[in-house]
Amino acid sequence: MRFAAHAGPIWRSYCHCGDCRRATGVPVAAFVGFPEEMTTFEGEARRSFRAGSIERSFCGRCGSPLTYRDEKLPGEVCVYLGVMNEPERFAPTLHAFESQRLPFLKIDDHLPRFERFSIER
């Protein structure tokens, strides 16, 4: 599976919510939001799972989590940082759902922290 963005990111975030932890299998998810019309995916067909307004996609070959879409954020697709070839180019700039951060996880980066969503939905 190959991904390409033909525009810069809209936002870059850590997410501490329980849904993202369960979907990715990590203590904190990190992803980058891009304008959906400026992204392309090539290769094996993606598989997806929908729960309410949220759709998450996975690689049809290896099962790696790939994207997150929210109907309340039309025109955006969030790509998980861990599947990118150069994740160091997209360092997160904020923390969402700080209220659900695991107590043993300490990230001392002085980034803005939001108790719930970081952007209006």
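Preceding this section is the structure that the text describes.
Conventions used here
- Residues numbered from 1 in each chain as written.
- Predicted model: local features only at pLDDT ≥ 70, side-chain atom pairs only at ≥ 80, totals over all residues.
- Heavy atoms only, no water.
- Helix = DSSP H or I, 4+ residues; strand = E, 2+ residues; numbered from the N terminus.
- Rg over C-alpha atoms; globule rule 2.2 N^0.38 Å.
- Buried < 20%, exposed > 50% of the residue type's maximum accessible area, 1.4 Å probe, protein only.
- Contact = heavy atoms within 4.5 Å.
- Areas by Shrake-Rupley, 256 points an atom, 1.4 Å probe, with all protein chains shown as cover.
- Lys, Arg positive; Asp, Glu negative; His and termini not counted.
- Charge placed at Lys NZ, Arg CZ, Asp CG, Glu CD.
- Pairing = 2+ DSSP bridges.
- Phe/Tyr/Trp six-rings, centres within 6.5 Å; stacked < 30°, edge-to-face > 60°.
- Lys NZ or Arg CZ within 6 Å of the ring centre and 35° of its normal.
- Disulfide = S-S within 2.5 Å.

The next thing to look at is the overall build of the protein. Along the backbone of the protein there are one helix and nine strands. Reading the secondary structure of the protein in the N-to-C direction produces β-β-α-β-β-β-β-β-β-β. Relative to the 2.2 N^0.38 estimate, which gives 14 Å for 121 residues, the radius of gyration of the protein is 14 Å and therefore close to what a compact globule would have. By principal-axis analysis of the C-alpha atoms, the protein measures approximately 40 × 25 × 25 Å. Each of the 121 residues in the protein was classed as buried or not, and the buried ones make up 37%. Taking contacts inside the protein between residues at least 6 apart in sequence as the whole, the part at least 24 apart equals 54%. Counting only carbon and sulfur atoms, one obtains 51% of the accessible surface of the protein, whose full area is about 7100 Å². Seen as two clouds, the 17 positive and the 16 negative side-chain charges of the protein have centres 5 Å apart.

Moving on, we come to the pairing of strand β7 (residues 65-70). Note on strand geometry: in a regular strand, side chains alternate between the two faces of the sheet. With five of its six residues buried, β7 lies for the most part within the structure. Taken together, strand β6 (residues 54-59) and the strand that follows it, β7, pair antiparallel across an intervening segment of five residues, in which G63 is found at a positive phi of about 85°. Direction of pairing for β7 relative to strand β8 (residues 76-80): antiparallel, over a ladder of two bridges. Each residue of the ladder has a partner; that of T67, found in β8, is V79. The turn linking β7 back onto β8 is made up of five residues, and G75 within it adopts a positive phi angle of 80°.

Further remarks concern unusual backbone geometry. One non-glycine residue, F97, lies in the positive phi region at around 55°. You can see F97 is positioned in the segment after β9 (95-96). The exposure class assigned to F97 is buried, which follows from its relative accessible area of 8%.

All told, the structure shown has seven aromatic pairs when counted by the stated rule. Geometrically, the ring pair formed by F31 and Y68 is stacked, given 5.8 Å between the ring centres and 20° between the ring planes. Taken together, the residues F31 in strand β3 (residues 29-35) and Y68 in strand β7 connect sequence positions 37 residues apart. With respect to class, F31 is no different from Y68; both count as buried. Cluster of aromatic residues (ring-pair linked, three or more members): F3, F34, F41 and F90. Just above the ring of F41 sits the side chain of R46; from NZ or CZ to the centre is 4.0 Å.

Attention now moves to the sheet that holds strand β5 (residues 46-51). Across the sheet, seven strands lie side by side as β5-β6-β7-β8-β3-β2-β9; this open sheet has mixed pairing. The two strands at the open ends of the sheet, each matched to only one other strand, are β5 and β9.

Put plainly, a disulfide is one covalent bond tying together the sulfur atoms of two cysteines. Taken as a whole and judged by the stated rule, the model has zero disulfides. Counting only cysteine sulfurs, C62 is the nearest neighbor of C59, a cysteine outside any disulfide, at a range of 3.8 Å.

This paragraph deals with the side chain of D70. Among the secondary structure elements, D70 is positioned in strand β7. Judged by relative accessible area, which is 6%, D70 ranks as buried.

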